[in-house]
Amino acid sequence: MNNQVLEALENRRSIRRFKAEQVSKEDLRAVLKAGTYAPTAAGVQAPYIVAVQDPDTVAQLDKMNAAVLDMPQMAHPYYGAPTILLVLVPREGHAPVEDASLVAGNLMNAAYAVGLGSCWIHRGRQMFDSEEGKELLRKWGLPDDLMGVATIALGYPDGDAPAAVPRKENYITEIG
Ligand SMILES: Cc1cc2nc3c(=O)[nH]c(=O)nc-3n(C[C@H](O)[C@H](O)[C@H](O)COP(=O)(O)O)c2cc1C
């Protein structure tokens, strides 16, 4: 089947090498818009997306994530990406983690669709449970008790994406 959406869903890969060039506002906004159209439980649009392009704040987030990881060899968990996307959500509500995860999925698939590379980087929860994280949220005018669900490295890929590993055999069960 020749379908661009299906092609993107199948061929998006996590990218861990980025060009230094900053993501253009046009590409960034296309990705962010796609994020806002993810389905959310009861349609309440619970998540918040923060797009960080300021180099000092990118460096701060890189350090915060590495500090949670506590692995000195992982000095740059965002792999030098020039942009970091954050998906945060109020803890109470219908389905916070599910909502934020679907937003993150839309963001990463849209990134692929406009020629960007992305990679979900774990530990957003601990980053924004910390006092430093809460301080950032306040600085950005957001509630400081939001839960960090997804953090995403974003940039133009430097080199080819790795091939997908084969899908496990019993991934799908079809009945009928
Ligand atoms: C919840 C979650 C957390 C992840 N955390 C990290 C991470 O901390 N660092 C990283 O390099 N990749 C991380 N990844 C990316 C996965 O390693 C990647 O999606 C997986 O290996 C499959 O590869 P693909 O995305 O290219 O299909 C994470 C992915 C998910 C969904």
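Notes on the structure follow. Everything numeric in this text was worked out from a predicted model, so none of it was measured.

Overview of the nonpolar core
No. 1: Ranked by internal contacts, the top residues of the largest apolar core, which has 22 residues, are Val 31, Leu 85, Val 87, Leu 107, Leu 116 and Leu 154.
No. 2: Of all the secondary structure elements, the ones that give two or more residues to this core are helix H2 (25-36), strand E2 (83-89), helix H4 (96-113) and strand E4 (147-155).
No. 3: The dominant element in this core, judged by the number of residues it contributes, is H4, at seven residues.
No. 4: Setting aside residues up to four positions removed in sequence, Val 31 forms contacts with Leu 85, Leu 107, Ala 110, Ala 111, Val 114 and Leu 116.
No. 5: Within the second largest apolar cluster, 21 residues are counted, among which are Leu 86, Leu 88, Cys 119 and Leu 137.

Quick look at the pairing of strand E3 (residues 117-121)
In regular strands, side chains alternate between the two faces of the sheet.
No. 1: Judged by how many residues are buried, E3 sits mostly within the fold: four of five residues are covered.
No. 2: With five bridges joining them, E3 and E4 adopt antiparallel strand pairing. Its bridge partner being in E4, Gly 117 is matched across the sheet by Gly 155.

Focus on the layout of surface pockets
No. 1: In this structure, the largest pocket occupies an estimated 190 Å³ of space.
No. 2: Contributions of two or more residues to the lining of the largest pocket are made by helix H1 (4-11) and H4.
No. 3: The residue inventory of the lining of the largest pocket, partitioned by class, reads seven nonpolar, three polar and one charged.

Things to note about the site of the ligand
No. 1: Contacts to the ligand come from Arg 12, Arg 13, Ser 14, Arg 16, Tyr 79, Cys 119, Trp 120, Ile 121, His 122 and Arg 123.
No. 2: The backbone of His 122 places a nitrogen or oxygen atom 3.0 Å from an oxygen atom of the ligand.
No. 3: When the ligand sits alone it has 620 Å² of accessible area, and the protein chains cover 60% of it.
No. 4: Of the residues that constitute the shell around the ligand, the class distribution is four nonpolar, two polar and four charged.

What to know about the pattern of salt bridges
No. 1: Tallying each qualifying case throughout the model produces four salt bridges.
No. 2: Glu 131 is the partner of Arg 138 in a salt bridge, and the nearest nitrogen-oxygen pair spans 2.8 Å.
No. 3: Salt-bridge contacts for Arg 138 lead to Asp 144; the nearest nitrogen and oxygen are separated by 2.5 Å.
No. 4: Looking at Arg 138, the relative accessible area reads 41%, which means it is partly exposed.
No. 5: Judged by relative accessible area, Asp 144 falls into the partly exposed class, the value being 28%.
No. 6: Three or more residues are tied together by salt bridges with common partners; here these are Glu 131, Arg 138 and Asp 144.

What counts and what doesn't
Every chain's residues receive numbers from 1 upward, in the order its sequence appears when written. Where local features are concerned, this predicted model is filtered to residues with pLDDT of at least 70; where side-chain atom pairs are given and counted, the filter is 80 or more; whole-chain, interface and lining totals use all residues. Side-chain metrics rest on all non-hydrogen atoms present in the structure, leaving aside hydrogens and water. Take the buried Ala, Val, Leu, Ile, Met, Phe, Trp, Tyr and Cys residues and link them wherever side-chain atoms come within 4.5 Å; each set so joined is a nonpolar core. Three labels apply to residues, based on accessible area from a 1.4 Å probe with only protein chains included: buried if under 20% of the type maximum, exposed if over 50%, partly exposed otherwise in between. Secondary structure is summarised from DSSP: a helix means a run of H or I of at least four residues, a strand means a run of E of at least two, and numbering begins at the N terminus for each. Two residues qualify as a contact provided that any one of their heavy atoms is within 4.5 Å of a heavy atom in the partner residue. Strand pairing follows a simple DSSP-based rule, namely that at least 2 bridges must link the two strands. Only protein atoms enter the 1 Å grid used here, on which a cavity is any set of points holding a 1.4 Å probe that cannot leave and a pocket is any open set flanked by protein within 12 Å on both sides along at least five of seven lines; residues with an atom within 4 Å of a point are listed as lining. Grid points are joined across faces, edges and corners, and a volume is the space filled by probe spheres set on the points. Residues are grouped as follows: Ala, Val, Leu, Ile, Met, Phe, Trp, Tyr, Cys and Pro are nonpolar; Asp, Glu, Lys and Arg are charged; all remaining types, including Gly, are polar. Nearness is defined per residue: one heavy atom within 4 Å of the molecule or strand is enough. Pairs of N or O atoms within 3.5 Å make up the polar contacts considered here, provided that, within protein, one atom can donate a hydrogen while the other can accept it, and that residues adjacent in sequence are counted only when both atoms are side-chain atoms. The Shrake-Rupley method, run with a 1.4 Å probe, gives the accessible areas here. Residue values count only the displayed protein chains as cover. Any Lys or Arg side-chain nitrogen found within 4 Å of a carboxyl oxygen on Asp or Glu counts as a salt bridge.

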